[in-house]
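So you can see what is in the structure, the chains are spelled out below.
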Amino acid sequence: MLKLSLTPGEYLTIGDGIVVQLYRMEGGRSYLAIDAPRDVPIVRGSVLEREGGQRPEHLVNVPPKGHRSDFPM
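Attention in this report is confined to the structure presented alongside it. (Residues numbered from 1 in each chain as written. Predicted model: local features only at pLDDT ≥ 70, side-chain atom pairs only at ≥ 80, totals over all residues. Heavy atoms only, no water.)

A few words on the overall build of the protein chain. A count of helices and strands for the protein chain gives one helix and three strands. For the protein chain, the α and β elements follow one another from N to C terminus as β-β-β-α. Per-residue burial for the protein chain yields a buried fraction of 4% across its 73 residues. Total accessible area on the protein chain stands at roughly 6,800 Å², and carbon and sulfur atoms take up 51% of it. (Helix = DSSP H or I, 4+ residues; strand = E, 2+ residues; numbered from the N terminus. Buried < 20%, exposed > 50% of the residue type's maximum accessible area, 1.4 Å probe, protein only. Areas by Shrake-Rupley, 256 points an atom, 1.4 Å probe, with all protein chains shown as cover.)

In total, this model carries two salt bridges according to the counting rule given. We note a salt bridge from Arg24 to Glu26, for which the minimum N-O separation is 3.4 Å. Classification of Arg24 by relative accessible area gives partly exposed; the value is 34%. With a shortest N-O distance of 3.7 Å, Glu49 and Arg55 are connected by a salt bridge. (Salt bridge = Lys/Arg side-chain N within 4 Å of Asp/Glu carboxyl O.)

This brings us to the sheet that holds strand β3 (residues 29-35). Across the sheet, three strands lie side by side as β1-β2-β3; this open sheet has antiparallel pairing. In this open sheet, the two strands that pair with only one neighbour each are β1 (11-14) and β3. Averaged over all pairs of adjacent strands, the angle between their axes in this sheet comes to 25°, without regard to strand direction. Here strand β2 (residues 18-26) runs beside β3; their pairing, made up of seven bridges, is antiparallel. When the sheet's bridge partners are listed, Met25 is paired in β3 with Ser30. (Pairing = 2+ DSSP bridges. Axes fitted to C-alpha atoms, helices over the stretch in contact; angles between N-to-C directions.)

By themselves, these are just geometric observations and shouldn't be taken as functional.
This is the structure we're talking about:
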């Protein structure tokens, strides 16, 4: 798994057709702009899991707010 840190305005590409840009950070939230072909489904994880989908096992576990993270960035 590739792990990145981005600052607002920076972006990454996935293949030739997908661009993800961090366009704003406010408080504890990050806002992403995603440009992808219409045939590529983009689904928020919470919606996927609520509808019975499985959480991918390779995701990084994020500690609760206020706890120190051992995740190197």
